[in-house]
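Structural features, examined
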Amino acid sequence: NAGVTQTPKFQVLKTGQSMTLQCAQDMNHNSMYWYRQDPGMGLRLIYYSASEGTTDKGEVPNGYNVSRSTTEDFPLRLELAAPSQTSVYFCASSEGSRGGNSPLHFGNGTRLTVT
Amino acid sequence: GDSVTQMEGPVTLSEEAFLTINCTYTATGYPSLFWYVQYPGEGLQLLLKATKADDKGSNKGFEATYRKETTSFHLEKGSVQVSDSAVYFCALARYGNKLVFGAGTILRVKS
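Now for a description of the structure that goes with this document.

The rules behind the values
Residues numbered from 1 in each chain as written. Chains lettered and ligands numbered in written order. Predicted model: local features only at pLDDT ≥ 70, side-chain atom pairs only at ≥ 80, totals over all residues. Heavy atoms only, no water. Helix = DSSP H or I, 4+ residues; strand = E, 2+ residues; numbered from the N terminus. Buried < 20%, exposed > 50% of the residue type's maximum accessible area, 1.4 Å probe, protein only. Contact = heavy atoms within 4.5 Å. Pairing = 2+ DSSP bridges. Axes fitted to C-alpha atoms, helices over the stretch in contact; angles between N-to-C directions. Buried area = accessible area lost by both parts, 1.4 Å probe. Salt bridge = Lys/Arg side-chain N within 4 Å of Asp/Glu carboxyl O. Polar contact = N/O pair within 3.5 Å; in protein donor to acceptor, adjacent residues only side chain to side chain.

1. Points about the side chain of Asp84(B)
All names here are of chain B. Relative to the elements of secondary structure, Asp 84 occurs in the loop between strand E9 (75–77) and strand E10 (86–94). For Asp 84, a relative accessible area of 6% corresponds to the buried category. For Asp 84, the contacting residues outside a window of four places in its chain are Phe 62, Lys 77, Ser 79 and Leu 107.

In structure tokens form, the structure reads like this:
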């Protein structure tokens, strides 16, 4: 039972490079999320998708892009990496897109360093 | 806007000690409240939740009660184990099941 799978686990980029963080879930969940985790700040929502074909900005979307062309996949794109994007990135999914009762299932994270 | 405030850590306890991690929130209405736990090298996983005032969530010996009057959701456990060492996050849910997290509290349990 894979759950939410994130790749890669670690990545080092130079300023200005681009890359895509991959996220896939096999639970047929409607909703998917990208969070970044920084020391002392908890997790902050970058982007959110309520269902295939829809995406919405979260709290800290600048410098990122997402797409949701399938139910299973929700890739996060960094177009011009900056040192401020050094962080641990978590993808999550949940069954429902309304209310607050569906627990989020998290991947194991991608640790990104931008030099 | 909505926010969650947790006590700062790290919290260091001896095995079998009583644990309290304080959590207060600011939000409009009555959001669902959650505690998530993150073990080293892993993603977060749901520990417990409460969806309305006076609800008590419980799991694996941990408990938390949704207190509307004090806007709090403190996490407690009567006797901690070394295996409870982790980072604990308090969170509230907004429309669209989008969670707002606190900063996290590191718990270290010594044998």
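2. Comments concerning the pairing of strand E11 (residues 110–114) of chain A
Residue and element names in this part refer to chain A. Of the two faces of E11, only the one carrying Thr 110, Leu 112 and Val 114 is buried; Arg 111 and Thr 113 on the other face are not. Strand direction decides the pairing type here: strand E2 (residues 10–13) and E11, joined by 4 bridges, are parallel. Counted as the bridge partner of Leu 13 is Val 114 from E11. In terms of strand pairing, strand E9 (residues 87–94) meets E11 through 3 bridges, oriented antiparallel. Within the sheet, the bridge partner assigned to Val 88 lies in E11 and is Arg 111.

3. Some words on the sheet that holds strand E7 (residues 64–66) of chain A
Residues and elements named next belong to chain A. On the basis of which strands lie adjacent, the open sheet formed by 4 strands has the order E1-E3-E8-E7 and antiparallel pairing. The sheet is open, and its two edges are formed by strand E1 (4–7) and E7, each paired on a single side. For this sheet, the mean inter-axis angle between neighbouring strands, taken without regard to orientation, is 20°. In the sheet, E7 pairs with strand E8 (residues 76–78) via 3 bridges, with the strands oriented antiparallel.

4. What about the interface of chain B and chain A?
On the side of chain A, 23 residues touch chain B, which itself brings 22 residues to the contact. In total, chain B and chain A occlude about 1,700 Å² of area from one another, counting both sides; carbon and sulfur atoms represent 51% of this. Joining chain B to chain A, the criterion identifies 0 salt bridges. Counting across the chain B and chain A interface gives 4 residue pairs in polar contact (both at pLDDT 80 or more). Among the elements of the structure, strand E5 (32–38), strand E6 (44–50), E10 and strand E11 (98–101) of chain B are those that each provide at least two residues to the side of chain B that touches chain A. Considering each element in turn, the side of chain B that touches chain A owes the most residues, 4 residues, to E5(B).

5. Some points on unusual backbone geometry
Residues other than glycine predominantly adopt negative phi, and peptide bonds predominantly adopt the trans conformation. The residue after Thr7(A), namely Pro8(A), is reached through a cis peptide bond having omega -5°. With respect to the helices and strands, Pro8(A) occurs in the loop between E1 and E2. Following Gly9(B), the chain continues to Pro10(B) via a peptide bond in cis, the omega torsion being 0°. In the Ramachandran plot, Asn28(A) falls in the positive-phi region, its phi being about 60° despite a non-glycine side chain. Summarising the element assignment, Asn28(A) is placed in the loop between strand E3 (19–25) and strand E4 (31–38). In the Ramachandran plot, Lys60(B) falls in the positive-phi region, its phi being about 55° despite a non-glycine side chain. Position of Lys60(B) relative to the elements: it lies in the loop between strand E7 (56–59) and strand E8 (62–65). For Lys60(B), a relative accessible area of 51% gives the class exposed.

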